[in-house]
Amino acid sequence: MIGWLQGHVAEPWQQGNRCGLLLACSGVGYEVQITRRHWELLPPAGSQLSLYTHQTIRDDGWTLFGFGARHERDLFRLLVAVSGVGPQMALALLGTMPCEELVRAIVQADLRRLCRAPGVGKRTAERLAVELRGKLAESYGAAAGFDDDTLDGAGGSTDGDPGPTASTREELQITLTALGYEPLEISRALRGLGRDGLDPALDADAWLSACLRWLSREAA
């Protein structure tokens, strides 16, 4: 596995929406795909350059993806681990905004910002937020300047949060899912109502009515 390369920029290239360069290292030229943001900031041909790399091996060939910093490569690896997110979509996300902004958008479930990346739709953005926000909040929270309120409001752990009983919560999740709401929307509604002081002892029908009102208000 090739994890890092140092050499000289031999030739930048573009193929459709893909950007990369030929990196000459000790007499060997490596074709490395990079984000458009990185590509636009490449130094002139002949300049020395080092890249952290991620290598993918498929039946139709091997591909190297390059990153200017280790944390960018690590974030790329987390992104491609999410169902439905391939290397090209992960590069598009990293190329649309700086790494810190992308982490913040995922942790805060900022679906609108995530959907700015080419090929990223609402469902994919929701999966990113649901699957990664906890990991990213834990790994990047302090470094990215997130305080406890920001992380909690972004959908972190609900331990200690007020809300319905476990059986009522399960019933609500089933009913609201059947009505077309996404897990992230349901989680936000339950947490928001709990913080507003809705009595946890109320039955499922009362919680359902309150959730529908809350969700309608948020969608307005």
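Above: the structure in question.
Overview of the structure.

Definitions and cut-offs
- Residues numbered from 1 in each chain as written.
- Predicted model: local features only at pLDDT ≥ 70, side-chain atom pairs only at ≥ 80, totals over all residues.
- Heavy atoms only, no water.
- Axes fitted to C-alpha atoms, helices over the stretch in contact; angles between N-to-C directions.
- Helix = DSSP H or I, 4+ residues; strand = E, 2+ residues; numbered from the N terminus.
- Left-handed = near helix turned anticlockwise from the far one by under 90°.
- Contact = heavy atoms within 4.5 Å.
- Nonpolar A, V, L, I, M, F, W, Y, C, P; charged D, E, K, R; others polar.
- Phe/Tyr/Trp six-rings, centres within 6.5 Å; stacked < 30°, edge-to-face > 60°.
- Buried < 20%, exposed > 50% of the residue type's maximum accessible area, 1.4 Å probe, protein only.
- Expected span 1.5 Å × (residues − 1).
- Arc of directions from axis to C-beta.

At a minimum axis separation of 11 Å, helix α2 (residues 70-80) and helix α4 (residues 99-107) run at an interaxial angle of 35 degrees. Here the hand of the crossing between α2 and α4 comes out left-handed. Mapping the contact onto sequence places His 71, Glu 72, Leu 75 and Leu 79 in α2 and Cys 99, Glu 100, Leu 102, Val 103 and Ile 106 in α4. Here the residues of the contact of α2 with α4 sort into 6 nonpolar, 1 polar and 2 charged.

A word on the packing of aromatic side chains. Tallied over the full model, the rule gives 2 aromatic pairs. Summarising the aromatic geometry, the rings of Phe 65 and Phe 76 are spaced 5.4 Å apart at their centres and angled 35 degrees between planes, so their arrangement reads as tilted. Of this pair, Phe 65 sits in strand β5 (residues 61-67) while Phe 76 sits in helix α2; the two residues are 11 residues apart in sequence, bridging distant segments of the chain. Pair check on accessibility: Phe 65 and Phe 76 agree, each one buried. Taking the relative accessible area as the measure of exposure, Phe 76 reaches 0% and is therefore buried.

When the terminal C-alpha atoms of helix α8 (residues 166-178) are compared, their 19 Å separation across 13 residues agrees well with the 18 Å that a helix rising 1.5 Å per residue should span. Burial in α8 covers these residues: Thr 168, Leu 172 and Leu 176. End-on, the buried residues of α8 take up no more than an arc of 55 degrees, which puts them together on one face. Across from the buried face of α8, at angles greater than 90 degrees, the exposed residues are Ala 166, Ser 167, Ile 174 and Ala 178. Backbone geometry just downstream of α8 places Gly 180 in the positive-phi region, at approximately 100 degrees.

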